[in-house]
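Residue strings, one per chain:
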Amino acid sequence: MAGFEDEAGQSLRPPKARTWAPRGKTPVVKVTGKGYGRVSLAGLICIRPGQRTRLMFRTLLRRGRSGEVKGFGPRQFAGLLDAAHALLGGKIVLVWDNDRRHLSKVMRASIEARSAWLTVFQLPAHAPELNPVEQVWSALKRGLANLAPRTTDQLAAVIKARLKRMQYRHGLLDGFTAATGLTLEPP
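None of these values were measured; they are calculated from a predicted model.

What counts as what
- Residues numbered from 1 in each chain as written.
- Predicted model: local features only at pLDDT ≥ 70, side-chain atom pairs only at ≥ 80, totals over all residues.
- Heavy atoms only, no water.
- Core = buried A, V, L, I, M, F, W, Y, C linked by side-chain atoms within 4.5 Å.
- Buried < 20%, exposed > 50% of the residue type's maximum accessible area, 1.4 Å probe, protein only.
- Helix = DSSP H or I, 4+ residues; strand = E, 2+ residues; numbered from the N terminus.
- Contact = heavy atoms within 4.5 Å.
- Axes fitted to C-alpha atoms, helices over the stretch in contact; angles between N-to-C directions.
- Parallel < 35°, antiparallel > 145°, perpendicular 65-115°, else oblique.
- Left-handed = near helix turned anticlockwise from the far one by under 90°.
- Phe/Tyr/Trp six-rings, centres within 6.5 Å; stacked < 30°, edge-to-face > 60°.

A. Summary view of the nonpolar core. Of all hydrophobic cores here, the largest spans 23 residues; its most connected members are Val-136, Leu-140, Ile-159, Leu-163 and Met-166. Among the secondary structure elements, those contributing two or more residues to this core are strand S2 (38–47), strand S3 (54–62), helix H3 (132–144), helix H4 (152–167) and helix H5 (170–180). With residues near it in sequence (within four places) discarded, Val-136 still touches Ile-45, Leu-55, Leu-163, Met-166, Leu-173 and Phe-176. Counting residues in each nonpolar core, the second largest holds 18 residues, with Leu-44, Cys-46, Leu-88 and Trp-96 among its members.

As structure tokens, this is what we get:
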């Protein structure tokens, strides 16, 4: 089974998008500007020929408090990979980018500890078009355009609901994979 992994994040400031409005009335999205909040995301698209494409994801909330985990690190990545292995069974071939967190000594040791069922390949530098999870983040951000949640919890709930919806749209996930131009069959 092949898996593509990537991370993203979303803050309380909504992404901008075009929208409809009556002529002469500029639409305004009010943002409170209060507080700090960020939702960090890690996603994994799992592909096995002959089976449905699957999307797995994890979220981390950051409310700006001291001592909070700032984002995904080796422990969180390992947890996602262990969950994928437990859910899907079998060996996993993981493809991910050259993010510094993926190349750290701790992460390499974590991968080595799972070498019985995990093989990792790095994508070339600056090649997000080869990772179908980038398409997931793009679709998610388009769906969050002009949304102005008041709290990090509200933002996280919307993000989880939208990603959950994508999990059941296997044709959409297949389209994200097809857009990369990569094939899983050996030459």
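Additional details are given in the paragraphs that follow.
B. Region of the structure containing the packing of helix H1 (residues 74–88) against helix H2 (residues 105–113). It is at 9 Å that the axes of H1 and H2 come closest, and there the two elements cross at 25°. What the angle tells us is that H1 and H2 run roughly parallel. Every pair of crossing elements has a handedness; the one defined by H1 and H2 is right-handed. For the pair formed by H1 and H2, the contact residues are Pro-74, Phe-77, Ala-78 and Leu-81 on the first element and Val-106, Met-107 and Ser-110 on the second.

C. Focus on the packing of aromatic side chains. Tallied over the full model, the rule gives 2 aromatic pairs. Measuring from centroid to centroid gives 5.8 Å for Phe-77 and Trp-96, while their planes differ by 65°, and the two rings are edge-to-face. One end of the pair, Phe-77, is in helix H1; the other, Trp-96, is in strand S4 (residues 92–96), and 19 residues separate them in sequence. Among the residues examined, Phe-77 registers a relative accessible area of 1% and is labelled buried. Connected via pairs of aromatic rings, a cluster forms that spans Phe-72, Phe-77 and Trp-96.

Without other data, these values stay purely geometric and don't point to any function.
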